Amino acid sequence: MAPSTRTRRRSRSSKARGHIAPGTTQEETKVLKTKLIWAAVAAITAAGWLAAPAGAEPVNDDLVIDGEIHMTTRTKAAEGMPFDEVLSGWLFRTDETRMLEADSFQNPGMLYVERGEELWNKVEGEAGKSCASCHGDASKSMKGVGASYPKWDAEAGRPINVELQINNCREKNMKAEPYKFDAAEQKALTTFIKHQSLGDPLGIDLAAGDMQGWWEKGKDLYYKRTGQLNLACASCHEQYNGKYIRADHLSQGNVNGFPTYRLKQANMVSLHNRFRGCIRDTRAEFPAAFSDELMALEVYVTWRGTGLSVETPAVRQ
Ligand code: HEC
Ligand code: HEC
C-alpha cells in the first residue's frame with residue numbers, strides 16, 4: 001500500500017478518534033467506524049512512513065559479543081529472496097540498544113539464560129529426570145540445535161519449533177506437564193537452548209518430510225494482504241523496510257534473535273508472540289500460538305534469514 005495524499009487528507013478531516021458518543025444512530029456509527037479505520041491507516045502512513053527522515057539506512061557496524069564472538073549480521077540472501085542481502089534487526093536499532101546486546105553483562109536477556117540453565121538441571125515429572133539427565137552438558141549437546149529449528153517432526157506430521165520440542169521431551173521423556181504458551185519457564189528454557197548456538201548460522205532442512213509444503217504455505221501468508229489495513233508482512237518488512245513507523249525503524253523482520261529481550265516490554269518476547277503482535281496491528285483476528293499458520297510462517301521467515309547468526313537473546317526496542 002503506497003502512502004497517498006488521499007489517506008492523509010482523509011485523516012485530517014477525520015475527527016473521529018476515540019469513543020463513539022451515546023445516542024449515535026447505527027448509520028452514524030458505521031460512518032464513524034469507517035473514519036476510525038482511516039485514522040488508524042493514517043497513524044501508520046502519515047505519522048510514520050511519510051515522515052520518514054532521510055538517512056534511514058541500517059548502520060554499518062560489526063556485532064562482536066563481549067569482544068569475542070563475531071556475529072554475521074549481514075549476509076548474501078538465499079536464492080529466491082527479493083533482497084541481495086539479508087540483514088539482522090540489530091543493524092536497525094539505536095546505538096544504545098546495539099551496545100546492550102554486544103555486552104552480555106549488560107544484556108538483560110542473559111538473566112533468562114541463567115534461569116533456563118537452572119530449569120535444564122531441575123528434576124521434574126514422574127520419571128524423576130531433568131533435561132540434563134539425558135542431554136548432559138547443554139553447551140555440547142545443544143550446540144547448533146537452536147539454529148536448525150523448525151524441524152520436521154515425523155510423529156506429529158508437521159514442523160515443530162524449540163518450544164514444542166521441549167514440551168515433547170517433558171511429556172514423553174520426563175512424564176511432566178507441557179509448558180503453556182509463553183510460560184516464563186518456556187521462554188527461559190527456549191532462550192537457554194538457542195543461546196547455545198550463539199553465532200551459529202540459521203539453516204533449516206527443507207528436504208525433510210513435507211517442509212517444502214510448509215515453506216510454501218508460509219510464503220503465501222507472508223505476501224497475503226489481510227485485515228482492515230490490507231497489509232502483508234511484506235508490506236512492512238520488504239516494501240517499507242528501512243522506513244520508520246513512528247519511532248520504529250522497520251527491519252527485514254528476521255527471527256535470528258528470538259526469544260528477544262524487548263526494552264519496551266522489559267521482558268523476553270517469544271517469536272509467536274511477536275508474530276501475533278505484528279498481525280494484530282493489521283487486523284482484529286490473529287492466529288493462535290503454534291497454530292499451523294504461525295508454524296508455517298516460522299518455517300518461511302526462518303528460511304529468509306538463512307546464514308544470519310543466532311543472536312539469542314537479542315535486544316530490541
Ligand atoms: C529421558 C531422556 C530425556 C529427557 C529427560 C529429555 N530429553 Fe530431550 N531428547 C531425548 C531424546 C531421546 C531425543 C531425540 C529423539 C527425539 O527427538 O525425541 C531428544 C531430543 C531433544 C531435542 C532435539 C535435539 C535436536 O537435535 O533436534 C531437544 C532440543 C531436547 N531434547 C531438549 C530437552 C529438554 C529442554 C529437556 C528437559 C525439559 C529434555 N530434552 C529432556 C531424551 C530426553
Ligand atoms: C504495519 C507494519 C508491520 C507489518 C504488516 C508486520 N510487521 Fe513485523 N514489525 C513491525 C515493526 C514496526 C517491527 C519492529 C521494528 C523492526 O524490527 O522491524 C516489527 C518487527 C518484527 C520482527 C522482529 C525483528 C527483530 O529483529 O527482532 C519480526 C520477526 C516480524 N516483525 C515479523 C513479521 C511477520 C512474520 C509479519 C506478517 C505476519 C509482520 N512482521 C508484519 C511492523 C510490521
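Above this text sits the structure in question.
Keep in mind the model is a prediction, meaning the values are calculated, not measured.

A. Region of the structure containing the packing of helix 4 (residues 110-120) against helix 8 (residues 184-195). Axis separation between helix 4 and helix 8 bottoms out at 7 Å; the angle between their running directions is 95°. Taken as axis vectors, helix 4 and helix 8 run roughly perpendicular relative to one another. Every residue of helix 8 that contacts helix 4 at Tyr112, Val113, Arg115, Gly116, Glu117, Leu119 and Trp120 is listed here: Glu185, Lys187, Ala188, Leu189, Thr191, Phe192 and His195. A per-class count over the contact of helix 4 with helix 8 returns 7 nonpolar, 3 polar and 4 charged.

B. Up close: the site of ligand 2. Around ligand 2, the structure places 26 residues, and the nearest of them are Gly89, Cys233, Cys236, Gly253 and Cys278. For the shell around ligand 2, the secondary-structure elements that each account for two or more residues are helix 10 (233-239), helix 11 (271-280) and helix 12 (292-304). For the shell around ligand 2, the per-class residue count stands at 13 nonpolar, 9 polar and 4 charged.

C. Broad picture of unusual backbone geometry. For the peptide bond that leads from Tyr149 to Pro150, omega is 0°, which places it in the cis range. Locating Pro150 in the fold gives a position in the loop between helix 6 (138-141) and strand 5 (151-153). Cis geometry is found at the peptide bond from Thr312 to Pro313, where omega equals 0°. Note that Pro313 resides in the loop between helix 12 and strand 11 (314-316). Look at Lys175: it is not a glycine, yet its phi comes out positive at around 55°. In this fold, Lys175 is placed in the loop between helix 7 (162-173) and helix 8. Although it is not a glycine, Asp182 adopts a positive phi angle of roughly 65°.

So, how was this worked out
For every chain, the first residue of its written sequence is number 1, and the numbers climb from 1 along that sequence. Labels are handed out in written order, letters beginning with A for the chains and numbers beginning with 1 for the ligands. Reporting in this predicted model follows two pLDDT cut-offs: at least 70 for local features of residues, and 80 or more for side-chain atom pairs to be given and counted; totals over whole chains, interfaces and linings ignore these cut-offs and use all residues. In this description, a line fitted to the C-alpha atoms serves as the axis of each element, helices being fitted only across the stretch in contact, and the angle between N-to-C directions of two axes falls anywhere from 0 to 180 degrees. What counts as a helix is a DSSP run of H or I of at least four residues, what counts as a strand is a run of E of at least two, and both are numbered from the N terminus. Oblique is the label for any angle not covered by the other classes, which are roughly parallel (under 35 degrees), roughly antiparallel (over 145) and roughly perpendicular (65 to 115). By the criterion used throughout, residues are in contact when their C-beta atoms, derived from the backbone, lie within 7 Å. Side-chain classes are defined by residue name, with Ala, Val, Leu, Ile, Met, Phe, Trp, Tyr, Cys and Pro counting as nonpolar, Asp, Glu, Lys and Arg as charged, and the others, Gly among them, as polar. Using a C-beta atom placed from the backbone for every residue, we mark a residue as near a molecule or strand if that atom lies within 6 Å of it.

Keep in mind these values describe shape, not function.
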